[in-house]
Amino acid sequence: MKEPRLRRRQSGRPTVNDVARLAQCSPMTVSRVINGSSGVREDTRVAVEAAIKELDYAPNKAARSLAGVSQIRLALLYVNPSAAYLTELLIGGMDAASRLDAHLVIERCDVGEDKEGLINKLTASGIDGFILPPPLSDDAELLALLRRLRAHAMLIGPGQAAAHHGAVMIDDYQAALDMTKYILALGHRRIGFIIGNPAQSVSALRLAGFRDSMLNAGVPVDEALIQQGEFTYRSGMDAAAKLLAMKERPTAIFASNDDMAAGCVAAAHRMRLDVPGDLTVCGFDDTALASTIWPELTTIRQPIREMAENAIDLLVQGIRLERQKQPRKPRHISLDYTFIQRESDGPPPA
């Protein structure tokens, strides 16, 4: 078959029509492939992607602007299992995007997914920058990929700031240290701790804060009282069940997030233990769940909405600076956390 000849604009930049001609399909089909739409046959999709790669085609942002699509387009990638955390994150993200006249796309990024394919697909569809909440904000492979592609990215809640990407975070270590200090001040000495997802570096920071606070108070850390969780309700319930089944059970449990703390309360109620009469339970995050269960949780308020808002603010600023040919560099900011005392804590039982 004779290879179709390409007719390009005088600028030499390939067009959608060029891609369609090489892939032997319609420009509409090319648009559907670029936007990740369904309803395209697999062999056609492969042909379009091959043509895009061969021509080094990228959507013309100026053309999109003339077509009335002048907004900055951002993609928030997520894989966090906590629905409560995601809800706070999305509310803050959508509020900021609306205020800044930016378009926010929500995209799931599962473990083991072809991250480069996903980033390329989103970039081809016109995405200007990426928001990465945990655990993606700690994904070294993804961060290296975005750096190599010279993509704009803002991280939310990473364990530490990345050199080549902006970040919005809190001091997780100090927050956990403060919470443990408070529990010790209530008189507790046998304190259980439930670690968060090991893939998130904040889990190690919160554990370190707990350990150091115990050591600062001269209280030995009983390793049997430290259990692994996953930042999920079920993992918190399972970890608490192990702790409460001990011959000498803890009088207090500090869980690394509110989902796991809620699981602890449920496990205690199953064993007919009163919270806080028989067991103090404290969490972390202050999501809506913390104030909707009974008893309401004493917790650390992580300003999740504000973190999302600040991340989008900084990302939009950086993209606009680049469009104006002005220098930019990654910005890292740390927001304040707040200790919230409610009904789930008390002195150890007599």
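The structure presented is a predicted model; accordingly, all values stated were derived computationally and were not measured.

Analysis parameters
Residues numbered from 1 in each chain as written. Predicted model: local features only at pLDDT ≥ 70, side-chain atom pairs only at ≥ 80, totals over all residues. Heavy atoms only, no water. Helix = DSSP H or I, 4+ residues; strand = E, 2+ residues; numbered from the N terminus. Buried < 20%, exposed > 50% of the residue type's maximum accessible area, 1.4 Å probe, protein only. Contact = heavy atoms within 4.5 Å. Areas by Shrake-Rupley, 256 points an atom, 1.4 Å probe, with all protein chains shown as cover. Lys, Arg positive; Asp, Glu negative; His and termini not counted. Charge placed at Lys NZ, Arg CZ, Asp CG, Glu CD. Expected span 1.5 Å × (residues − 1). Pairing = 2+ DSSP bridges. Axes fitted to C-alpha atoms, helices over the stretch in contact; angles between N-to-C directions. Core = buried A, V, L, I, M, F, W, Y, C linked by side-chain atoms within 4.5 Å. Right-handed = clockwise from strand over helix to strand, strands pointing away. pLDDT = per-residue confidence, 0-100. Polar contact = N/O pair within 3.5 Å; in protein donor to acceptor, adjacent residues only side chain to side chain.

A. Inspection of the overall build of the protein chain at higher detail. Within the protein chain, the regular secondary structure consists of 12 helices and 12 strands. With the C-alpha coordinates aligned to their principal axes, the bounding extent of the protein chain is approximately 90 × 40 × 30 Å. Out of the 350 residues belonging to the protein chain, those deemed buried represent 50%. Here the contacts in the protein chain between residues at least 6 apart in sequence split such that 72% fall between residues at least 24 apart. Accessible surface, the protein chain: about 17,100 Å² in total, of which carbon and sulfur atoms supply 50%. Placing the 41 positive and 42 negative side-chain charges of the protein chain at their respective mean positions leaves the two points 9 Å apart.

B. Main features of the environment of Val-30. Mapped onto the elements, Val-30 comes out in helix α2 (residues 27-34). Measuring from C-alpha to C-alpha, the distance between Val-30 and Ala-162 comes to 36 Å, with 132 residues separating the pair along the chain.

C. Expanded view of helix α10 (residues 233-244). Under the 1.5 Å per step criterion, the end-to-end length of α10 is 16 Å for 12 residues, consistent within 8% with the ideal 16 Å. Buried residues of α10: Ser-235, Gly-236, Met-237, Ala-239, Ala-240, Leu-243 and Leu-244, and no others. Lining the buried residues of α10 we find β6 (191-195), β7 (226-228), β8 (252-255) and α11 (258-270).

D. Local environment of the sheet that holds β7. The parallel open sheet is built from 4 strands, whose spatial order is β7-β6-β8-β9. A single partner strand is all that each edge strand has here, and the edge strands are β7 and β9 (280-282). Along the sheet, successive strands turn relative to each other by an average axial angle of 15°, direction set aside. One ladder, built from 3 bridges, connects β8 with β9; its direction is parallel. Residue pairing across strands places Phe-254 opposite Cys-282, the latter belonging to β9. Lying on the sheet, α10 is in contact with β6, β7 and β8; it crosses β6 at an angle near 150°.

E. Layout of the environment of Pro-135. By the element assignment, Pro-135 lies in the loop between β3 (129-132) and α7 (140-148). Residues Pro-135 and Gly-229 lie 94 residues apart in sequence; the distance between their C-alpha atoms is 14 Å.

F. A look at the sheet that holds β3. On the basis of which strands lie adjacent, the open sheet formed by 6 strands has the order β2-β1-β3-β4-β5-β11 and parallel pairing. Of all strands in the sheet, those bounded by a partner on one side alone are β2 (102-108) and β11 (332-334). Neighbour-to-neighbour, the strand axes of this sheet turn through a mean angle of 20°, independent of strand direction. Bridge analysis of strand β1 (residues 72-78) against β2 gives 7 bridges, and the strand direction is parallel. Across the sheet, Tyr-78 pairs through a bridge with Arg-108, a residue of β2. Each of β1, β2, β3, β4 (152-156), β5 (166-169) and β11 touches helix α12 (residues 304-323); the most contacted strand, β4, lies at about 165° to it.

G. Just the nonpolar core, in detail. With 44 residues, the main nonpolar core has Leu-74, Leu-89, Ile-131, Ile-156, Phe-210, Phe-254 and Ile-312 as its most contacted residues. The element best represented in this core is α12, accounting for 9 residues. In contact with Ile-131, not counting residues within four places along its chain, are Ala-75, Leu-76, Leu-77, Met-154, Ile-156, Ala-311, Ile-312 and Leu-315. In this structure, Ile-194, Ala-239, Val-281 and Leu-297 belong to the second largest nonpolar core, which totals 26 residues.

H. Structural context of the pairing of β1. Counting buried positions over the 7 residues of β1 gives 6, a clear majority of the element. In this region the chain leaves β1, passes through helix α5 (residues 83-99) and returns to the parallel neighbour β2; the handedness of that crossover is right-handed. Relative to β3, β1 runs parallel, the two being bridged by 3 bridges. Paired with Ala-75 across the bridge in β3 is Phe-130.

I. The confidence of the model for the protein chain, seen in detail. In the predicted model, the protein chain carries a mean pLDDT of 88, and the fraction of residues at 70 or more is 90%. In this model residues 1-11 is a low-confidence stretch, pLDDT under 50, and it forms 17 contacts with partners more than four residues away in sequence or in other chains. Note that pLDDT drops below 50 for residues 61-69; the model gives that stretch 7 contacts with residues more than four away or on any other chain.

J. Geometry of the side chain of Thr-298. Looking at the element boundaries, Thr-298 is found in the loop between β9 and β10 (299-301). A distance of 2.9 Å separates a polar atom in the side chain of Thr-298 from the backbone nitrogen of Arg-342. Among all residues touching Thr-298, those that are not within four sequence positions of it are Met-179, Tyr-182, Val-281, Cys-282, Gly-283, Phe-339, Ile-340, Gln-341, Arg-342, Glu-343, Ser-344 and Asp-345.

K. Layout of unusual backbone geometry. That bond from Pro-134 to Pro-135 is cis: its omega, 5°, falls within 30 degrees of zero. Cis geometry marks the peptide bond from Val-275 to Pro-276; its omega dihedral reads 15°. Among the structural elements, Pro-276 can be located in the loop between α11 and β9. At Asp-101, a residue that is not glycine, the phi angle is positive and equals roughly 55°. With respect to the element layout, Asp-101 can be found in the loop between α5 and β2.

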